[in-house]
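Structure assessment
Given next are the chains, with one letter for each unit.
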Amino acid sequence: MPARAALSCALPAFLSLAVSSAPALGQPSPVQTCQLGDLKLESGEVIRDFRMTYITHGTLNAEKSNAILSLHGLQGNRNNQSYWVGPGKAFDPKRHFIIQPDTLGVASMDPKATTSPTRSGLNMKFPRFNIRDMVGAEHRMLTECLGIKKLLAVAGSSMGGIESFQWAVSFPDFMEAVIPGTPMARANRQGNFIWEAVRQVVMVDPKWQDGNYPNDDPPRAGIGVGLQIQSVVGSSAAGYEEEFQTREQVHAAFADDAKRVGNTVQARDWIYRSWAIQSHDIGQTPGFNGDLAAAARSIRARVLIVPNCRDQLHPPREGGVLEAAQHIPHAKLVDLDDNGGHRGSRSARALATFDTEVKDLLKRIADGRPGISGPRFPRNWGRTDFCPG
């Protein structure tokens, strides 16, 4: 049976599950799988037998108007976005239907998760993909497996925030709101340096074997230690001072995290995903000829941008976030201003700010009021092309 025909036969079951068989409030659904057949990439290459896995919170209403797509970061997976979900939180399963997919190439150890270089069996022969390909796969999942034609919001953190920006450009009429957390609108040069350093550490691990290592014996040391390089700029210097009291605590945290990452992150898949980030720029979306400002002006959704000016991994200025915020027709930028840097988006204060701003935006939409509350940039900023410092 052709892939499209098989998908059509399966669609009613997916819709029934989404609408009428919601999990208990506060608990995510079991992992669900969307079979999409061939996934054609922007390069022209094709990923065969592509599948996407996801979990959901809440219930999709009869109008299918309460769905929120929530996207995880570079080394995350479908479960990582659940910290935004809960009664009284920004994404409340009493009101919203929150979809959390394993995005294309997800670097988890789950053998049944979304298609990746490792899970496809192609390893380093897997075609390279970009952020726009990831967004395209998610769009197909929503429309073909869940029958959703418009989202209430697209949100994401880190790499998910990058994807959120791209969603706003690629599918400008598909959502009411876009909420990029600690995002970039384009890759920055320091980030390219960092991700290349991580890749090189992975590749000098003897177990790397040019990326053709057996799945049961991956280069755990390489990816575990390599990603500590990224962690160097995952927090600000002040954040490290706040988090640790002694040198011994720093070393113990390094060792613990290197072991955890080595056991949970699939090196091959992480490398492919890092290649997707390093080449990203919303201005490279077909039709914009590399013009980031033009791409930003094309956005029709309301965009609540939540960067952290102390973020050294995704710096708002160098990552094009401040430029995009100046040109998006309906945008508001809220600086988390947290010493934790990139990781600071999960601090109690940052989460409280996020909840307040997102709930206000979603209420405006529910009430039928236009725009976004408050000024485009924080009132205490002297200029909008540099973070205050």
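These numbers were taken from a predicted model, which means no experiment stands behind them.

**Remarks on the sheet that holds strand β2 (residues 46-57)**
- Pairing is mixed across the open sheet formed by 8 strands, whose spatial order is β1-β2-β4-β3-β5-β6-β7-β8. For this open sheet the edge positions go to β1 (32-40) and β8 (331-333), each flanked by a neighbour on one side alone. Taken over all neighbouring pairs, the strand axes of this sheet differ in orientation by 20 degrees on average, direction set aside.
- Helix-sheet contacts for helix α3 (residues 131-145) involve β1, β2, β3 (67-71), β4 (97-101) and β5 (151-157), and the interaxial angle to β1 is about 120 degrees.

**Structural notes on helix α6 (residues 220-232)**
- Here α6 contains 13 residues, and its C-alpha end-to-end distance of 19 Å stays within 8% of the 18 Å for a straight helix at 1.5 Å per residue.
- Among all positions of α6, only G222, I223, G224, G226, L227, Q228, Q230 and S231 are buried.
- Considering only its buried residues, α6 is in contact with α5 (189-204), α7 (237-243), α8 (247-264) and α9 (267-278).

**Quick word on the packing of aromatic side chains**
- By the definition in use, this model includes 14 aromatic pairs.
- Measuring from ring centre to ring centre gives 5.9 Å for W208 and Y213, while their planes differ by 45 degrees; the resulting arrangement is tilted. Of the two residues, W208 and Y213, neither departs from the other in class, the shared state being buried.
- Ring centres 5.8 Å apart and planes at 35 degrees place the aromatic pair F377 and W381 in the tilted group. Across this residue pair, the class does not change: F377 and W381 are buried.
- Over the aromatic face of W275 sits the side chain of R128, whose NZ or CZ is 3.4 Å from the ring centroid.
- Against the face of Y213 rests R268, its NZ or CZ located 3.9 Å from the ring centre.

**Observations regarding the state of the cysteines**
- Here the structure, examined in full by the defined rule, presents 2 disulfides.
- For C34, the disulfide goes to C145, at an S-S distance of 2.1 Å. Looking along the S-S bond of the C34-C145 disulfide, the torsion reads about 80 degrees, which is the right-handed sense. Of this pair, C34 sits in strand β1 while C145 sits in helix α3; the two residues are 111 residues apart in sequence, bridging distant segments of the chain. For the pair C34 and C145, a shared accessibility class is recorded, and that class is buried.
- Residue pairing for C309: its cysteine sulfur links by disulfide to C387, the two sulfurs lying 2.0 Å apart.

**Focus: the pattern of salt bridges**
- Using the criterion set out here, one finds 21 salt bridges in the structure.
- When the shortest N-O distance is used, the salt bridge between D367 and R369 registers 3.4 Å.
- One network of salt bridges, in which partners are shared, links R78, D102 and D110.

**What about the side chain of D269?**
- By the element assignment, D269 lies in helix α9.
- Buried within the structure, D269 lacks any salt-bridge partner; R119 is the closest side chain of opposite charge, at an N-O distance of 4.0 Å.
- Not counting chain neighbours up to four residues away, the residues in contact with D269 comprise G105, V106, A107, S116, P117, T118 and R119.

**Some remarks on the pairing of β2**
- Of all 12 residues that make up β2, 9 are buried, and the element is covered over most of its length.
- Relative to β2, β1 runs antiparallel, the two sharing 7 bridges. Bridge pairing in β2 places Q35 opposite R51.
- Sheet topology places β2 next to β4; 4 bridges connect them, and they run antiparallel.

**Quick look at unusual backbone geometry**
- Unlike most non-glycine residues, Q209 shows phi in positive territory, near 55 degrees.
- With a phi angle near 50 degrees, D337 is a residue other than glycine that sits in the positive phi range.
- Structurally, the position occupied by D337 is in the loop between β8 and α12 (348-367).
- By relative accessible area, which is 35% here, D337 ends up partly exposed.

**A closer look at the pairing of strand β7 (residues 302-305)**
- The side-chain alternation of β7 yields two buried faces, one formed by R302 and L304 and the other by V303 and I305.
- For strand β6 (residues 175-181) and β7, the ladder comprises 2 bridges, and the chain directions are parallel. The residue bridging A177 from the neighbouring strand is R302, located in β7.
- The sheet contact formed by β7 and β8 spans 3 bridges and is parallel. Across the sheet, the residue bridging to L304 is K332, located in β8.
- The handedness of the β7 to β8 crossover, carried by helix α11 (residues 321-327), is right-handed.

Conventions and cut-offs
- Residues numbered from 1 in each chain as written.
- Predicted model: local features only at pLDDT ≥ 70, side-chain atom pairs only at ≥ 80, totals over all residues.
- Heavy atoms only, no water.
- Pairing = 2+ DSSP bridges.
- Helix = DSSP H or I, 4+ residues; strand = E, 2+ residues; numbered from the N terminus.
- Axes fitted to C-alpha atoms, helices over the stretch in contact; angles between N-to-C directions.
- Contact = heavy atoms within 4.5 Å.
- Expected span 1.5 Å × (residues − 1).
- Buried < 20%, exposed > 50% of the residue type's maximum accessible area, 1.4 Å probe, protein only.
- Phe/Tyr/Trp six-rings, centres within 6.5 Å; stacked < 30°, edge-to-face > 60°.
- Lys NZ or Arg CZ within 6 Å of the ring centre and 35° of its normal.
- Disulfide = S-S within 2.5 Å.
- Salt bridge = Lys/Arg side-chain N within 4 Å of Asp/Glu carboxyl O.
- Lys, Arg positive; Asp, Glu negative; His and termini not counted.
- Right-handed = clockwise from strand over helix to strand, strands pointing away.

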